[in-house]
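Structural characterization, general
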Amino acid sequence: MYELSDYLAMVEDPVRTPAYLAAMARVIRPGDHVVEIGTGFGYFAVAACQRGAAHVWAIEPNDAIAHGGALAAANGCADRITFVQDVSESVELPRRVDVLIEDLRGVSPLNGRRLAVLADAHRRFLVPGARTIPARDHLFCAPSLWPPSRESHPADAPVALHGVALGDVPRAAARRAIRSHAGVETLLAEGRRWATLDFGAPLAAEHPVSGEAAFVAERDGSLAAIASWFTTELAPGIGFGTGPGEARTVYDHALLPLENPVAVARGDHIEVCVRAVFDGADHAWSWEVTIVPSGGGQVSTQRGATLGSRLLSSARRRRRAASHRPAETPALERMRALLAAVDGTTSLERIAARLAERFPGHFPDDANALRWAGERLAELEEPRPS
Amino acid sequence: MELTRATRVVAAPDQVSAELEGETVLLSMRDGIYYGLDQVGTHIWRRIAEPVALGEVLAAVLAAFDVEEERAWQDLVVLTEDLLAHGLAVRVPAAPD
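The following paragraphs examine the structure supplied in this document. Everything numeric here is computed off the predicted structure, so don't read it as measured data.

1. So, the overall build of chain A
Along chain A, the regular secondary structure elements total 10 helices and 17 strands. By its C-alpha atoms, chain A is 80 × 60 × 35 Å across when sized along the principal axes. Buried positions account for 49% of the 386 residues belonging to chain A. When the accessible surface of chain A is summed, it comes to about 18700 Å², and 52% of that surface belongs to carbon and sulfur atoms.

2. Observations concerning the overall build of chain B
A tally of regular secondary structure across chain B gives three helices and six strands. Reading the helices (α) and strands (β) of chain B from amino to carboxyl end gives β-β-β-β-α-β-α-α-β. Along the first, second and third principal axes, the C-alpha atoms of chain B reach 35 × 30 × 20 Å. Looking at chain B alone, contacts between residues at least 24 apart form 55% of all its contacts between residues at least 6 apart. Entry remark: accessible area of chain B is about 5300 Å², with carbon and sulfur atoms responsible for 50%.

3. With respect to the interface of chain B and chain A
Taken together, the 18 residues of chain B in the interface contact 22 residues of chain A. Summed over both sides, the interface between chain B and chain A buries roughly 1500 Å², with carbon and sulfur atoms accounting for 67% of that surface. On the chain B side of the interface with chain A, the three residues burying the most area are B:L20, B:M29 and B:Y34, jointly 43% of the side's total. At the junction of chain B and chain A, the tally comes to one salt bridge. Linking A:R275 and B:D14 is a salt bridge whose minimum nitrogen-to-oxygen distance equals 3.5 Å. The tally of links between chain B and chain A comes to three residue pairs in polar contact (both at pLDDT 80 or more). Put simply, the parts of the chain that give the side of chain B that touches chain A at least two residues each are β2 (15-20), β3 (23-28) and β4 (34-37) of chain B.

4. Some words on the pattern of salt bridges
Residue and element names in this part refer to chain A. Scanning all chains against the criterion turns up 20 salt bridges over all chains. One salt bridge connects R124 with E92, and the closest N-O pair in it is separated by 3.7 Å. Of this pair, R124 sits in helix α5 (residues 114-124) while E92 sits in the loop between β3 (81-84) and β4 (97-102), and the two are 32 residues apart along the sequence. Using a relative accessible area of 26% as the deciding quantity, one classes R124 as partly exposed. Here E92 falls in the exposed class, since its relative accessible area comes to 66%. As a salt-bridge pair, R114 and E102 come within 2.5 Å of each other at their nearest N and O atoms. Separated by 12 residues along the polypeptide, R114 in helix α5 and E102 in strand β4 bring together distant segments of the chain.

5. A few points about the pairing of strand β14 (residues 253-264) of chain A
Here strand β9 (residues 178-180) of chain A runs beside β14(A); their pairing, made up of three bridges, is antiparallel. Bridging across to β14(A), A:S180 finds its partner in A:H253.

6. Concerning the packing of aromatic side chains
Residue and element names in this part refer to chain A. Inspection of every chain in the model, using the stated rule, returns nine aromatic pairs over all chains. Centroid distance W194 to W285: 6.0 Å. Interplanar angle 70°. Geometry classified as edge-to-face. Here W194 is found in strand β10 (residues 192-198), whereas its partner W285 is found in strand β16 (residues 283-292), with 91 residues between them in sequence. In terms of burial, W194 and W285 fall into one category: buried. Here the basic side chain of R16 rests over the ring of Y20, its NZ or CZ set 5.4 Å away from the ring centre.

7. Examining the pairing of strand β12 (residues 221-235) of chain A
Residue and element names in this part refer to chain A. With respect to burial, β12 is a largely interior element, 12 of its 15 residues being buried. Bridging between strand β6 (residues 136-144) and β12 involves nine bridges; their strand directions are antiparallel. Considered in β12, the bridge of R136 is made with E233. One ladder, built from seven bridges, connects β12 with β14; its direction is antiparallel. Note that in β14 the partner of A227 across the bridge is L255.

8. Overview of the nonpolar core
Residue and element names in this part refer to chain A. V35, F125, L223, W285 and V289 are the most contacted members of the largest nonpolar core, which totals 58 residues. Not counting the four nearest positions on each side in its chain, L223 is found in contact with P143, S144, L188, L258, P261, V262, V264, I270, V289 and I291. Membership of the second largest hydrophobic core comes to 31 residues, among which are Y20, I28, A53 and F230.

9. Quick look at the side chain of B:T7
Residue and element names in this part refer to chain B. Here T7 shows up in the segment before β1 (8-11). Accessibility expressed as a relative area gives 10% for T7, which makes it buried. Within the local environment of T7, its side chain forms a polar contact with the backbone nitrogen of T4, the two atoms lying 2.8 Å apart. In this view, T7 contacts E2, V52, A53, L54 and R91; residues no more than four positions away in its chain are not counted.

Conventions and cut-offs
- Residues numbered from 1 in each chain as written.
- Chains lettered and ligands numbered in written order.
- Predicted model: local features only at pLDDT ≥ 70, side-chain atom pairs only at ≥ 80, totals over all residues.
- Heavy atoms only, no water.
- Helix = DSSP H or I, 4+ residues; strand = E, 2+ residues; numbered from the N terminus.
- Buried < 20%, exposed > 50% of the residue type's maximum accessible area, 1.4 Å probe, protein only.
- Areas by Shrake-Rupley, 256 points an atom, 1.4 Å probe, with all protein chains shown as cover.
- Contact = heavy atoms within 4.5 Å.
- Buried area = accessible area lost by both parts, 1.4 Å probe.
- Salt bridge = Lys/Arg side-chain N within 4 Å of Asp/Glu carboxyl O.
- Polar contact = N/O pair within 3.5 Å; in protein donor to acceptor, adjacent residues only side chain to side chain.
- Pairing = 2+ DSSP bridges.
- Phe/Tyr/Trp six-rings, centres within 6.5 Å; stacked < 30°, edge-to-face > 60°.
- Lys NZ or Arg CZ within 6 Å of the ring centre and 35° of its normal.
- Core = buried A, V, L, I, M, F, W, Y, C linked by side-chain atoms within 4.5 Å.

Below is the structure:
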């Protein structure tokens, strides 16, 4: 969950924000209607008004949006921005718009539900030929050493700490993308593009994003990870990159670890295949690295994947398996009672009192039930423009 | 084509899997759908990491679990058909004599 300070850090990024502002100046035409998905506290929505937008619908589920109204008023554009606190897929706009602005990336452009959100926006929000900021993101990768400043590589992790055996944890920890801001000196070869996301047309989130890149090692070293980053074209001629050697941004870049680092020599061929598939909530990654020694030695291949890197997450994912048979649980019974009590006339306080009466073992008092019911229903109620 | 004890299968490359508490979660990298395998399914899944005849898998199941051979074979066939249907496993040509 992002906090207000996270949104502020994104706005303060000396690379990202000037590039987005320049792109808006290039793309937005006077009188354009604009939607911004993931507006945070509304900074880019205000900036879009300052660059000619007739009206901006600024959408954000996070409570940071509560600051948007005051920000818009302070900048003289309160009457031209409609703030909507919700996920965009639940929002209806009164009209289609000419421009989409978004940055739902994380360390990777394939972040969370981003592609599904953008596909939905194309279907329901945009006029034909609408302009998008960004226009496209390019995904890059390169073979990498393990950065010296990072935690130890999972293969080098201790088997026990202070007398407690760590079991499979270090190995499981390797099955994830690890955030890094190491420099270009950690790369064994120059980065290559393995995929491009073009936002000018609807993207099918359910289609895997995959690609390959071939490298020749430029020096000797221990190949321990695949570094992964992106460059973005926000508008023609305007963009930035997040890779090693670029100015540091809020995104950093990702390391996809090899379970067992491999010694490579200058001139060795390294083939990388990366694949990301959307599982309904986020992208699961898999990667395969093949090293072909230039001297004709034995070819070796390593595979990795993010699946199973988080134990709790794995348990949750098991419950989402197609073969899973959901069973009645006390939690489900409480939720069913809550939903059944909602009739448009009964107050939340009254609903909570009934819940506390029916489930005394779970809710010690009415206030406890009120907090629980309020949180659950807040997630489900219709969005209201503020 | 009907599955027999001579049918050889192997886990498909377009999937990733992880074991947790004796069970396995499979994720199809083609469509992002998760599949779950119970303890016996996990035992079978480990066996088909490399190309193997179903007869060998059956023998491994019989050695590891207290189960009637006919029942084990039927369950193995059902699971294998499911894995093949969802692209999580593929048939491989018979091994040369």
